[in-house]
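Topology and contacts: notes
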Amino acid sequence: MNYSVDAYNKETMRVGPSKTEKAPRVPRAPKQINLQEFQFFPERLHALQEREYNAYRKEHGVPATIRDAQGKNVTPEELEAERDVEQKRIDEAEPLTEEEVAEKDELISQGFENWSRRDFQQFDGGFRTPGERDRDKTAADVAEYYRVFQEKWESLSEYERIAQRKAEGEVKRNKQNALENMLAKKVQGALYPMQELELNYPTTKEKIYSEEEDRNLLCRLHQYGLKADDVYERIKKDITELPVFRFDWFFKSRTPQELQCRCNTLLGLIKKEAEQEQQGEAKAKGGARGKKHAADGTTGWEGVPLELAAIHEDVKEEPLLYSPPVSVLATVRCRWRT
């Protein structure tokens, strides 16, 4: 016969009531999806899930509780009234039928269960940054989500903020499209752009990159496009493989970020050049319009022929605000006398 002194002493020295039995465990609640508004589940699914959970609480005697006011100005009477309403829903809840369970599964498939808050934030950020998209989602996933988003995005609580982001993104996309068109016009304007492409460099700054390096950057950027993924990593890879830059250690050692910075500088030069060309064309059209009025014999300055007013380039839209020199007025008087 075996004796355990430790067990005997433990039983003898035990003080207080005996250990109470644990209450029976409540069965686990039915599995439900945490419905987020950006997942665009049908409203019917919200109602079915709420009824299913209330039926579970009714079956296992889980009562409604008073919610936390969370610092809001809510009286205890109002909180008790809310609890009574919730308890009434529990008491009247009925379990889902087989048809409603099948309907619930069908409604779940209509939403975007696999889209997390992080996925939505990256998708939202794409409105502000053109070309940016969720790296965890394929282009087909984003396209499918965007189709539904266009139809239901006004129902989101963040509607105003998203609308502002869309407006900002539209402005950026327009600027980017304009830059792409300017770059295409510049590169396609040269028969051999790798040898003949010319840029109007500022005379005040010393050049760090050579003209050959800049031409290569612009040609590669035009080839891949400003909206391409990892465009500057691809340009960096091309630079390391081109024989012409085999011994150009400075150019080969530039990082993708440094190449991007240089491309932005070059795009700024092209944009400035295009703006100057537009100003020159507008000025030329204005001069041609003034000569046409002079040929027609029309008058300005309250009767002064525009053939004399056209002598001065300052006369454009409002000739009455222009003060003609004395020599012109004298010539006019002589012509009137004859």
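Cut-offs used in this document
Residues numbered from 1 in each chain as written. Predicted model: local features only at pLDDT ≥ 70, side-chain atom pairs only at ≥ 80, totals over all residues. Heavy atoms only, no water. Helix = DSSP H or I, 4+ residues; strand = E, 2+ residues; numbered from the N terminus. Areas by Shrake-Rupley, 256 points an atom, 1.4 Å probe, with all protein chains shown as cover. Phe/Tyr/Trp six-rings, centres within 6.5 Å; stacked < 30°, edge-to-face > 60°. Buried < 20%, exposed > 50% of the residue type's maximum accessible area, 1.4 Å probe, protein only. Salt bridge = Lys/Arg side-chain N within 4 Å of Asp/Glu carboxyl O. Contact = heavy atoms within 4.5 Å. pLDDT = per-residue confidence, 0-100. Core = buried A, V, L, I, M, F, W, Y, C linked by side-chain atoms within 4.5 Å. Disulfide = S-S within 2.5 Å. Axes fitted to C-alpha atoms, helices over the stretch in contact; angles between N-to-C directions. Parallel < 35°, antiparallel > 145°, perpendicular 65-115°, else oblique. Nonpolar A, V, L, I, M, F, W, Y, C, P; charged D, E, K, R; others polar. Expected span 1.5 Å × (residues − 1). Polar contact = N/O pair within 3.5 Å; in protein donor to acceptor, adjacent residues only side chain to side chain. Left-handed = near helix turned anticlockwise from the far one by under 90°.

Each helix and strand counted, the chain has 14 helices and two strands in total. Of the roughly 24300 Å² that the chain leaves accessible, carbon and sulfur atoms contribute 51%.

This part takes up the packing of aromatic side chains. The geometry of an aromatic ring pair comes down to the distance between the two centres and the angle between the two planes. A complete count under the given rule lists 18 aromatic pairs for this structure. Judged by centre distance (6.1 Å) and plane angle (85°), the ring pair of Trp-115 and Phe-123 falls under edge-to-face. Like Trp-115, the residue Phe-123 is buried in the burial classification. On the numbers, 6.3 Å between centres and 25° between planes, the contact of Tyr-145 with Phe-149 is stacked. With a gap of four residues between them, Tyr-145 and Phe-149 both fall in helix 6 (residues 139-152), about one helical turn apart. Feature note: the residues Phe-40, Phe-112, Trp-115, Phe-123, Tyr-145, Tyr-146, Phe-149, Trp-153 and Tyr-159 constitute an aromatic cluster, connected by ring pairs.

Turning our attention to the environment of Phe-40. You can see Phe-40 is positioned in the loop between helix 1 (5-12) and helix 2 (43-59). For Phe-40, a relative accessible area of 5% translates into the label buried.

Turning our eyes to something else, we now look at the pattern of salt bridges. Within the structure shown, the criterion is met by 19 salt bridges. Asp-238 is the salt-bridge partner of Arg-220, the closest N and O atoms lying 3.8 Å from each other. With Arg-220 in helix 9 (residues 211-224) and Asp-238 in helix 10 (residues 231-241), this pair connects stretches of sequence that are 18 residues apart. Like Arg-220, the residue Asp-238 is buried in the burial classification.

Okay, the environment of Met-194 next. When you line up the elements, Met-194 lands in helix 8 (residues 193-196). Placed 25 residues apart in sequence, Met-194 and Cys-219 show a C-alpha to C-alpha distance of 7.1 Å. Setting aside residues no more than four positions away along its own chain, Met-194 makes contact with Arg-215, Asn-216 and Cys-219.

Turning our attention to the confidence of the model for the chain. In this model, the chain carries a mean pLDDT of 79, and residues with pLDDT of at least 70 account for 75%. Note that residues 298-338 has pLDDT below 50 and, in this model, 33 contacts with residues that lie over four places away or in other chains.

Here the focus is the nonpolar core. Judged by nonpolar contacts, the single largest core of 24 residues is most densely connected at Leu-183, Leu-217, Leu-218, Leu-221, Ile-235 and Phe-251. Filtering out sequence-adjacent residues up to four positions away, Leu-183 remains in contact with Leu-218, Leu-221, His-222, Leu-267 and Ile-270.

So, on to the state of the cysteines. Working definition: the covalent bond between the sulfur atoms of two cysteines is a disulfide. Under the defined criterion, the tally for this structure stands at zero disulfides. This cysteine, Cys-261, is not joined by any disulfide, and Cys-263 carries the nearest cysteine sulfur, 9.4 Å off.

Attention now goes to the packing of helix 2 against helix 3 (residues 76-92). Where helix 2 contacts helix 3, the axes come no closer than 7 Å and their chain directions differ by 85°. When the axes of helix 2 and helix 3 are compared, the pair comes out roughly perpendicular. Two secondary-structure elements touch here, helix 2 through Glu-50, Asn-54, Arg-57 and Lys-58 and helix 3 through Glu-86, Arg-89, Ile-90 and Asp-91. Considering only residue class, the contact of helix 2 with helix 3 consists of one nonpolar, one polar and six charged.

Let's shift gears to helix 9. Its 14 residues give helix 9 an end-to-end C-alpha distance of 20 Å, which sits within 8% of 20 Å, the value for a rise of 1.5 Å per residue. Of the residues making up helix 9, those classed as buried are Glu-213, Asp-214, Arg-215, Asn-216, Leu-217, Leu-218, Cys-219, Arg-220 and Leu-221. A positive backbone phi angle near 95° is found at Gly-225, which sits one or two residues after helix 9.

With respect to the element layout, Glu-52 can be found in helix 2. With relative accessibility at 17%, the residue Glu-52 sits in the buried group. Within the local environment of Glu-52, its side chain forms a polar contact with the side chain of Lys-104, the two groups lying 2.7 Å apart. With near-sequence residues (within four places) excluded, Glu-52 lies in contact with Pro-30, Gln-32, Leu-96 and Lys-104.

The next thing to look at is the packing of helix 7 (residues 159-188) against helix 9. Direction vectors running N to C along helix 7 and helix 9 enclose 120°, while the axes themselves pass 10 Å from each other. Our classification of the angle between helix 7 and helix 9 gives oblique. With respect to the hand of their crossing, helix 7 and helix 9 are arranged in left-handed fashion. Residues Leu-183, Ala-184, Val-187 and Gln-188 of helix 7 form the contact with helix 9, whose participating residues are Leu-218, Leu-221 and His-222. Among the residues making up the contact of helix 7 with helix 9, the classes are represented as five nonpolar, two polar and no charged.

With 17 residues, helix 2 ought to run about 24 Å at 1.5 Å a step, and its terminal C-alpha atoms sit 25 Å apart, in line with that. Within the span of helix 2, buried status applies to Leu-45, Leu-48, Gln-49, Glu-52, Asn-54, Ala-55, Tyr-56 and Arg-57. Against the buried residues of helix 2 lie helix 3 and helix 4 (98-110).

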